[in-house]
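Below are the chains, spelled out letter by letter.
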Protein chains: 2
Amino acid sequence: MDVRPSFDTYIGSDGVTLDSRDVALLRAIDREGSLNNAADSLGRSYAHAQRRIVELEEAFGSLVERRRGGSGGGGSELTDTARELLAAFERTRAGFEGVADIAETVLAGTIVEREGELVTVETDAGNVRALVPEGDGDVQLSLRADAVTLTDPEDTPVPEHTSARNRFLGTVESIESGERIARIAIDIGADEPLLALVTEDSRAKLGLEPGSDVVASFKATATRGIST
Amino acid sequence: MDVRPSFDTYIGSDGVTLDSRDVALLRAIDREGSLNNAADSLGRSYAHAQRRIVELEEAFGSLVERRRGGSGGGGSELTDTARELLAAFERTRAGFEGVADIAETVLAGTIVEREGELVTVETDAGNVRALVPEGDGDVQLSLRADAVTLTDPEDTPVPEHTSARNRFLGTVESIESGERIARIAIDIGADEPLLALVTEDSRAKLGLEPGSDVVASFKATATRGIST
DNA sequence: GATGGTTATATCTATGTCGGAACAACGTTC
DNA sequence: GAACGTTGTTCCGACATAGATATAACCATC
């Protein structure tokens, strides 16, 4: 099945939620110098754009400093609050993009212990600590490739000295090398190999090649599961 | 500013995108045993629900096995494809939820080197390797608290033996302890403390208390930035 | 004081979405 | 063969969204 996850980003405050459309409007105001030209450049109705800004400001505080009259008839520019809001939006969007873009490896298993959200899951590769909000029995754990850190088996801290609760010794199955980033597939005894995204730099320093032994570790708080 | 990120999850294939509304419909079919009752239980139009299912199936393959006539007049049930799709949706939703819910610490800095997406950023705490798709100059790095792993300063692998490209020695500033999970704020020399989400178990094993020395490390591929 | 381009506000209309109703087709059961 | 509750299909209308238009208010500049 050739599927691809995607998402819409929102930032909510006080009942109103700012979306990508609002972000585009704010950016256009910043670029064009006036709400009028901004709406125009986006092919959108000035009237609604103006009302929307007012609505957003009721929730987020002053966003656009608007002047009417004066030289050039007036104009508008973003406040610092608006710029912070835009940056926050972009940061969370980038975070979501990471989730959507980066490969995951799915680990099937069964919950054998639960302490609040924190569970212990029995999988083919061994026990895994993970966050599963609710449910019991069978689960699927999702491991983001950017959450897996690889270390040299000869120089890996003992479990008591690291906050990475999950660790597996495995052997490199294959490597997909990009310009600067490499995707390492590691056999840890499960059906599918564990994918780890590391810099090409790291791959070289660790001397990773197909067949290499390596320790893959990941945090319990970074592995999320769903009950199936 | 009391803001809160949120998101909508989608899964796209072949031009059509499945959203949470579609997921609700599929789940209702699974629960009710018929498309008719499913639409009814959701307070939605049967006609549109049926058309939507057909539309989804054109993109995702067979999702609902529908029988008309027969005992009870017929009925519908989900295919394995549909169940896999629901699980995939739920996994990515859980991933997004992590991004939206888990605290981030924002590190401001300037790009001093770029190799493709991979950049080196100069921050108050020192140089950080991160992924920043484009731009140069000033950036904001976003560090998810679940991406930071803590280790004992006495037993931390040397940089050549780990794929965690970023490491900082810091001191625990404060600890917010939950039932099973603790949020550790670590002073690493930046304006704001670095937040790390670890299990209470890990906190205890590492003996972390305010004032403790600790090494915080995180992967370059897990720290994403935006240019500001 | 006239000018000009802006903000502010109200209203109309086109469009798309979605629930609702109506009806045909289906096939097992009785 | 009648009954029944489903799927499949068409069409209508209510509603929300958003562009389009018109008009008033604003104010530094000339």
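Here's a quick rundown of the structure.

The subject of this paragraph is the overall build of chain A. When helices and strands are tallied, chain A shows five helices and 14 strands. Expected size for 228 residues packed as a compact globule is a radius of gyration near 17 Å; at 24 Å, chain A overshoots this value by more than 25%. Judged by the C-alpha coordinates and their principal axes, chain A covers about 70 × 40 × 40 Å. Looking at chain A as a whole, 53% of its 228 residues qualify as buried. In chain A, once contacts between residues fewer than 6 apart in sequence are set aside, the share between residues at least 24 apart is 57%. Accessible area of chain A: about 10200 Å², with a carbon and sulfur share of 41%. Charge separation in chain A, taken as the distance between the mean sites of 24 positive and 42 negative side-chain charges, equals 9 Å.

The partner chain B presents 69 residues to the 69 residues of chain A that form the contact. For the pair chain A and chain B, the summed buried area comes to about 6000 Å², and 60% of that belongs to carbon and sulfur atoms. Across the chain A-chain B interface, the total number found is eight salt bridges. In terms of residue count, helix 4 (residues 80-101) of chain A provides more of the side of chain A that touches chain B than any other element does, 14 residues in total. Residue composition of the side of chain A that touches chain B, by class: 30 nonpolar, 18 polar and 21 charged. Looking at chain direction, strand 1 (residues 4-13) of chain A and strand 1 (residues 4-13) of chain B are connected through nine bridges and run antiparallel. Counted as the bridge partner of P5(A) is I11(B) from strand 1 of chain B.

About the criteria used
Residues numbered from 1 in each chain as written. Chains lettered and ligands numbered in written order. Predicted model: local features only at pLDDT ≥ 70, side-chain atom pairs only at ≥ 80, totals over all residues. Heavy atoms only, no water. Helix = DSSP H or I, 4+ residues; strand = E, 2+ residues; numbered from the N terminus. Rg over C-alpha atoms; globule rule 2.2 N^0.38 Å. Buried < 20%, exposed > 50% of the residue type's maximum accessible area, 1.4 Å probe, protein only. Contact = heavy atoms within 4.5 Å. Areas by Shrake-Rupley, 256 points an atom, 1.4 Å probe, with all protein chains shown as cover. Lys, Arg positive; Asp, Glu negative; His and termini not counted. Charge placed at Lys NZ, Arg CZ, Asp CG, Glu CD. Buried area = accessible area lost by both parts, 1.4 Å probe. Salt bridge = Lys/Arg side-chain N within 4 Å of Asp/Glu carboxyl O. Nonpolar A, V, L, I, M, F, W, Y, C, P; charged D, E, K, R; others polar. Pairing = 2+ DSSP bridges.

So, to be careful, I would describe these as geometric facts and stop short of saying anything about function.
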